[in-house]
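Residue-level structure breakdown
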Amino acid sequence: MALVDASLFASTDPVALQGSSCSACGTQVFPAQGSCPTCTSVSVSPVALPTEGTVWSWTTQHFAPKAPFRTDGFVPFSIGYVDLGPVIVEGWLLNKTDWHIGERVRLELAKAWTEDDGTVVHTYGFAATS
Ligand SMILES: [Zn+2]
């Protein structure tokens, strides 16, 4: 499967994002980093992040962003911060454009764009669970 950046994913089936966890202070971050932004320790290791959380904040984009943003055909879309528990992750909010803070969401693979050769490139996003 083509991905916008394979390093963002711990796995794609089932889908899970790859963060890093600090063994010194417990801080988790996404995307994974080689050192801890809280205590500067380099004792960090990859961790698969939780796949469900709640919308922490969101906005809806009503016009196409400039390149390098790519899509097959622009339609308004939502972007949000999702609280996964140990870390808050920014990403697409899928399938609708009206959200509520605290709304429960689940990680999914999402179609980002189609290459000229027909390859579909995927990224991650979050869909409402109900
Ligand atoms: Zn740390």
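Described below are features of the structure shown in this document. (Residues numbered from 1 in each chain as written. Predicted model: local features only at pLDDT ≥ 70, side-chain atom pairs only at ≥ 80, totals over all residues.)

**Observations concerning the nonpolar core**
For soluble globular proteins, nonpolar side chains are generally found buried alongside one another. We apply this condition: In these notes, a nonpolar core means any group of buried Ala, Val, Leu, Ile, Met, Phe, Trp, Tyr and Cys residues linked to one another through C-beta atoms within 7 Å. Put simply, a residue is buried when 20 or more other C-beta atoms lie within 10 Å of its own C-beta and exposed when 12 or fewer do; between those, it is partly exposed, and each C-beta is set from the backbone. Once C-beta atoms are placed from the backbone, any two residues with those atoms within 7 Å are in contact.
With 13 residues, the main nonpolar core has L17, V82, V105 and F126 as its most contacted residues. Residues contacting V82, with those up to four places away along its chain left out, are G53, T54, V55, W56, I88, V89, G91, V105 and F126.

**Looking at the pairing of strand β3 (residues 15-22)**
To be explicit about the condition: Two strands form a pair only when DSSP identifies at least two bridges running between them. Comment: elements are numbered from the N terminus, with helices defined as DSSP H or I runs of at least four residues and strands as E runs of at least two.
Pairing analysis gives three bridges linking strand β2 (residues 9-12) to β3, with the strands arranged antiparallel. Counted as the bridge partner of T12 is V15 from β3. Taking the residues between adjacent antiparallel strands as the criterion, β2 and β3 are bridged by two residues. Looking at chain direction, β3 and strand β5 (residues 44-48) are connected through five bridges and run antiparallel. Bridged to S20 within β5 is P46. Strand direction decides the pairing type here: β3 and strand β4 (residues 28-29), joined by two bridges, are antiparallel. The residue of β4 that forms the bridge with S20 is V29. Following β3, the chain reverses through five residues before pairing antiparallel with β4; G26 in that reversal takes a positive phi of roughly 90°.

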